[in-house]
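Structural description and commentary
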Amino acid sequence: MRIDKFLWCVRFYKTRSIAADEIKKNRVSLAGQTVKSSREVKDGDLVKIRKNQIDYQIKIIQIPKSRIGPKLVPLHIEDRTEKEQYEILKLRNLNQEHYRNKGEGRPTKKDRRELDGFVAGDSSSDMENSDWDLFFSDVDDSKED
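In this text the structure is predicted, and so the values were computed from the model without any measurement. (Residues numbered from 1 in each chain as written. Predicted model: local features only at pLDDT ≥ 70, side-chain atom pairs only at ≥ 80, totals over all residues. Heavy atoms only, no water.)

Moving on, we come to the side chain of Ser37. Mapping Ser37 onto the fold places it in the loop between β2 (33-34) and β3 (46-51). Aside from chain neighbours lying at most four places away, what touches Ser37 is Arg2, Ile3, Asp4, Ala20 and Ile23. (Helix = DSSP H or I, 4+ residues; strand = E, 2+ residues; numbered from the N terminus. Contact = heavy atoms within 4.5 Å.)

Read across the open sheet, the five strands follow the order β2-β1-β3-β4-β5; overall the sheet is antiparallel. A single partner strand is all that each edge strand has here, and the edge strands are β2 and β5 (77-79). The sheet contact formed by strand β1 (residues 28-30) and β3 spans three bridges and is antiparallel. Among the inter-strand pairings, Leu30 is bridged to a residue of β3, identified as Val47. (Pairing = 2+ DSSP bridges.)

Our next topic: the nonpolar core. Residues Ile3, Phe6, Leu7, Phe12, Val28, Val47 and Ile49 are the most contacted members of the largest nonpolar core, which totals 21 residues. Mapped onto this core, the elements with two or more residues apiece are α1 (3-9), α2 (16-24), β1, β3 and β4 (54-60). The element that contributes the greatest number of residues to this core is β4, accounting for four residues. When sequence neighbours within four positions are dropped, the list of residues in contact with Leu7 reads Phe12, Tyr13, Ala19, Ile23, Val28 and Ile49. (Core = buried A, V, L, I, M, F, W, Y, C linked by side-chain atoms within 4.5 Å. Buried < 20%, exposed > 50% of the residue type's maximum accessible area, 1.4 Å probe, protein only.)

The next thing to look at is the environment of Gln62. Summarising the element assignment, Gln62 is placed in the loop between β4 and α3 (73-76). Measuring from C-alpha to C-alpha, the distance between Gln62 and Lys42 comes to 7.9 Å, with 20 residues separating the pair along the chain.

Throughout the structure, instances matching the rule amount to six salt bridges. Taking the shortest distance from any N to any O, the salt bridge between Asp4 and Arg2 comes out at 3.2 Å. Of the residues examined, Asp4 reaches a relative accessible area of 3% and is grouped as buried. Here Arg112 ties to Asp116 by a salt bridge, and the two come within 3.3 Å at their closest N and O atoms. In this pair, Arg112 and Asp116 are both assigned in helix α5 (residues 109-120), four residues apart and thus about one turn of the helix distant. Each of Arg2, Asp4 and Arg16 takes part in a single network of salt bridges with overlapping partners. (Salt bridge = Lys/Arg side-chain N within 4 Å of Asp/Glu carboxyl O.)

And the structure:
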């Protein structure tokens, strides 16, 4: 089976064309060597895949005849990715979710007002306590003379 078709069959990529594009970008290697999309894979091959800034390593146990369901993937591949790589992914995901939970969408009007108030400070109370009006009125009086 071709490597692009295999990666699509075991659900590493959503489409076969995406798998082929990633192979062209040298993000997939077989036994330490970059490959072309037409490269044939067989049982026991070690595939290294660079995806989401993580280096996945899988060993092919059995080649499926066609695309398989997610529950059947462990029957066909063995995940040999280092635990450090998954920790890096977990830290990256935590950094991205620091303000809003995933799926909450854009900030609401209330959120925007709270952010504007926080960033700008409470400038209206500062203006009332200062003598800016007197300062500008003195300047205007001097120009009229």
